[in-house]
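Listed below, chain by chain, are the residues.
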Amino acid sequence: MAATGDDAAAMDSISRAPAAHLAALNAAATSSSPAEAPQDVAETPALPPKKAGTSSDGGVETAEEAVEPAELDINELCTDMFEKMSVFLQGELTGTCEDYRLLENMNKLTSLKYMEMKDISINISRNLQDLNNKYVSLQPYLDQINQIEEQVSSLEQAAYKLDTYSKKLEARFKKLEKR
């Protein structure tokens, strides 16, 4: 719904007021020397912002007037922001450095573990080779044991055959003796 008449004029004056105030501030800043600028801004009291509310003109709302902060406040705020950003970035970089140190320590420990595992595997390989060499050196004795075992089993079979034959002979002898 568009405003007409007195309402439109009131809205137009409200929208132009901050522009007029900014122009006055800029004119004051350009007319004074740079060294005096902070004093002038500090000496000029900041206007309190108008509160939104209703005027006596039939319920028309008024807007708050935008007030720029004083020059010193901006410098202080910028300095404070840069200090806080510095602390934040320092913390981030410190955290990153700590992460890299931790990763470096983990890599060193892993490298040490792999070196230990390498030493263990070398020892196992050496011991296995020693066992293989001992087995090769014992092989002739193992072959002799196998031959002796075969001879013993053949002697055992011969003993069983001899025992069987002697029993048969004894049985024949007893048969002949009875006659």
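Model, not experiment: these values are computed from the prediction. (Residues numbered from 1 in each chain as written. Predicted model: local features only at pLDDT ≥ 70, side-chain atom pairs only at ≥ 80, totals over all residues. Heavy atoms only, no water.)

## Notes on the overall build of the protein
We apply this condition: Numbering of helices and strands runs from the N terminus, with a helix taken as a DSSP run of H or I at least four residues long and a strand as a DSSP run of E at least two residues long. Using a 1.4 Å probe on the protein chains alone, a residue whose accessible area is under 20% of its type maximum counts as buried, one over 50% counts as exposed, and one in between counts as partly exposed. Per-residue and other accessible areas follow the Shrake-Rupley method at a 1.4 Å probe size, with only the shown protein chains counted as cover for residues.
From N to C terminus, the protein includes 3 helices and 0 strands. Reading the protein from its N end, one meets helices and strands in the order α-α-α. Scored against the burial criterion, the 179 residues of the protein give a buried share of 2%. Here the protein displays about 16,000 Å² of accessible surface, and carbon together with sulfur accounts for 60% of that area.

## A word on the pattern of salt bridges
What counts here: Salt bridges are defined as contacts in which a side-chain nitrogen from Lys or Arg sits within 4 Å of a carboxyl oxygen from Asp or Glu.
Summed over the entire model, instances satisfying the criterion amount to 5 salt bridges. Notably, a salt bridge pairs Lys 108 with Glu 104, separated by 3.6 Å at the nearest N-O pair. Residue Lys 108 and its partner Glu 104 are located together in helix H3 (residues 71-178), separated by 4 residues, close to a single helical turn. Given a relative accessible area of 48%, Lys 108 falls into the partly exposed group. In this structure, Lys 167 engages Asp 163 in a salt bridge whose closest nitrogen and oxygen atoms are separated by 3.6 Å. Taken together, the residues span about one helical turn, with Lys 167 and Asp 163 both in helix H3 at a distance of 4 residues.

## Thoughts on a nonpolar patch on the surface
Here is the rule we go by: Patch definition: residues with relative accessible area over 30% and no salt bridge; like charges joined within 9 Å; nonpolar side chains (Val, Leu, Ile, Met, Phe, Trp, Tyr) joined within 5 Å.
The grouping of Tyr 135, Val 136, Leu 138, Tyr 141, Leu 142 and Ile 145 at the surface amounts to a nonpolar patch, some 620 Å² of accessible area in total. Here Ile 145 lies in helix H3.

## Some points on the confidence of the model for the protein
Condition: A score from 0 to 100, pLDDT tells how confident the predictor is in each residue. Note on contacts: a residue pair is in contact if any heavy atoms of the two residues lie within 4.5 Å.
In the predicted model, the protein carries a mean pLDDT of 78, and the fraction of residues at 70 or more is 64%. Within the model, the stretch residues 15-55 combines pLDDT values under 50 with 26 contacts to residues more than four positions away or in other chains.

## Notes on a positive patch on the surface
Note the following rule: For this count, His and the chain ends are skipped, Lys and Arg are scored as positive, and Asp and Glu as negative. We put the charge of a Lys on NZ, of an Arg on CZ, of an Asp on CG and of a Glu on CD.
A cluster of basic residues, Lys 168, Arg 172, Lys 175 and Arg 179, forms a positive patch at the surface. By the element assignment, Arg 179 lies in the segment after H3. The exposure class assigned to Arg 179 is exposed, which follows from its relative accessible area of 77%.

## Brief notes about the environment of Thr 94
What counts is decided by this rule: Polar contacts here mean pairs of N or O atoms no more than 3.5 Å apart (in protein, one a potential hydrogen donor and the other a potential acceptor; neighbouring residues in sequence count only if both atoms are side-chain atoms).
Checked against the element boundaries, Thr 94 lands in helix H3. Note on Thr 94: relative accessible area 41%, which makes it partly exposed. Looking at Thr 94, its side chain comes within polar contact range of the main-chain oxygen of Gln 90, at 2.6 Å.

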